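# Coordinate inspection notes
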Amino acid sequence: YTILSKVHSDRNVYPSAGVLFVHVLEREYFKGEFPPYPKPGEISNDPITFNTNLMGYPDRPGWLRYIQRTPYSDGVLYGSPTVENVGKPTIIEITAYNRRTFETARHNLIINIMSAEDFPLPYQAEFFIRNMNVEEMLASEVLGDFLGAVKNVWQPERLNAINITSALDRGGRVPLPINDMKEGVYVMVGADVPFSSCLREVENPQNQLRCSQEMEPVITCDKKFRTQFHIDWCKISLVDNTKQVSTFQEVIRGEGILPDGGEYKPPSETLKSRDYYSDFLITLAVPSAIALVLFLILAYIMCCRREGVEKRNMQTPDIQLVHHSAIQKSTKELRDMSKNREIAWPLSTLPVFHPVTGEIVPALHTDSYDNTSMPLMQTQQNLPHQTRIPQQQSAGQY
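Everything quoted here is computed from the prediction, not taken from an experiment.

Rules behind the numbers
- Residues numbered from 1 in each chain as written.
- Predicted model: local features only at pLDDT ≥ 70, side-chain atom pairs only at ≥ 80, totals over all residues.
- Heavy atoms only, no water.
- Pairing = 2+ DSSP bridges.
- Helix = DSSP H or I, 4+ residues; strand = E, 2+ residues; numbered from the N terminus.
- Axes fitted to C-alpha atoms, helices over the stretch in contact; angles between N-to-C directions.
- Buried < 20%, exposed > 50% of the residue type's maximum accessible area, 1.4 Å probe, protein only.
- Phe/Tyr/Trp six-rings, centres within 6.5 Å; stacked < 30°, edge-to-face > 60°.
- Salt bridge = Lys/Arg side-chain N within 4 Å of Asp/Glu carboxyl O.

In this section: the sheet that holds strand 4 (residues 48–54). Across the sheet, which stays open at both edges, the 4 strands sit in the order 2-8-7-4 with mixed pairing between neighbours. The open sheet is flanked by strand 2 (11–13) and strand 4, the only strands paired with a single partner. This sheet shows a mean twist of 25° between the axes of neighbouring strands, independent of strand direction. Summarising the sheet, strand 7 (residues 90–98) and strand 8 (residues 104–111) pair through 8 bridges and their orientation is antiparallel. From the neighbouring strand, Thr95 faces strand 8, where its bridge partner is Arg106.

Okay, here's the thing in structure tokens:
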């Protein structure tokens, strides 16, 4: 029911249109493309990531998706080819990056899409499985178990897995990393017989009411899935292509396949050149002219409209002008006095006569001596050659 292939260099695969295609990029295969581990005897476990793109383009085709959870897990290419891609070989470039040595290895995968005789299957059902991630569902044994459970419930002659889409691609939220919560996955299957009575139980008014109240509907065949798959029966959609009418009134968000917009056609090189001179004038010249006019107006107001000192004096009272003139005169006089620091020395600093010998005693400091800390009156203890007057001693002391 699904095409599962391994990675080989320039491998050719032949998927069918309308049938799920799965291609595994195994890390063990690409380990041989890189140099051996530096320490002999140790097993290499280098982190390896993959980049996949259509040859000559930066991305993959719209129907092809790629997922790799961690650099230590395998990558998976999956998708459902459409009828429009039949007969067109698709070359996918696979580039492996060794995150330890920063070396790369490249392989080509040639996808030859074949037409399916039984495509499209007229009856299609899409299930939402809550306890699975997309890479877990893409495993061949897990997908085989799910198709086996669907076949027991539906009893078709032909049953195909049409597409698998992650719930995150449908607008779902990333689950919290607690209790091993899963993001959920949508699985679409197709069959050639009408839907079974078990699948049509979702159309019952009671189940419709329970779904509107966010309660689990009562489905008799749910026990055949419950052991391994937790299906949200309120999100199941049943599509009968023979009538082109959905039997379950649920919004169908699509199959997760991007519409083909065709090849990119760049503009012609013969385009006429555009003159940006007018744009330059509008962008720079006009604002500059406005700024110049405003500057001239401001300069006229500040320089040409001044009243002057004479008009100010005419409007000022005389007594105020006299006071102002006296203040200016006193300020000028103080400034002149502060400039002339040479003043007469105090009398205490002039030469004096010795009281006994009568000789002239010179001043205690020179003209350059700083007299700011010199007392105005000299004490007799500081005079040289002075005569000490004996003090009268008290009686009884000699």
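With that settled, consider the pairing of strand 4. If a strand is regular, its side chains alternate between the two faces of the sheet. Taking burial as the measure, the 7 residues of strand 4 include 5 buried ones, the bulk of the element. Examined bridge by bridge, strand 4 and strand 7 share 7 bridges and lie antiparallel to one another. Paired with Asn51 across the two strands is Thr95, which belongs to strand 7.

Turning our attention to the packing of aromatic side chains. Evaluation of the coordinates by the stated rule reveals 12 aromatic pairs. Pairing Tyr29 with Phe30 gives two aromatic rings, centres 5.5 Å apart and planes at 90°, and the pair type is edge-to-face. According to the relative accessible area criterion, Phe30 is buried, its value standing at 0%. For the pair Tyr123 and Phe195, a centre-to-centre distance of 5.7 Å together with 80° between the ring planes defines the contact as edge-to-face. One end of the pair, Tyr123, is in strand 9 (residues 123–129); the other, Phe195, is in the loop between strand 11 (185–191) and helix 4 (205–212), with 72 residues separating them in the sequence. A single burial state applies to Tyr123 and to Phe195, both of which are buried. In textbook terms, an aromatic cluster arises when at least three aromatic residues are bridged by ring pairs, as seen for Phe127, Phe146, Phe225, Phe229 and Trp233.

Overall, the coordinates contain 12 salt bridges when judged by the stated rule. Arg200 is the salt-bridge partner of Glu203, the closest N and O atoms lying 3.7 Å from each other. Ionic pairing is found between Lys332 and Asp336, a salt bridge with its closest N-O pair at 3.3 Å. With Lys332 and Asp336 both in helix 8 (residues 318–339), this residue pair falls 4 residues apart, about one helical turn. Exposure remark for Lys332: the relative accessible area of 53% places this residue in the exposed category.

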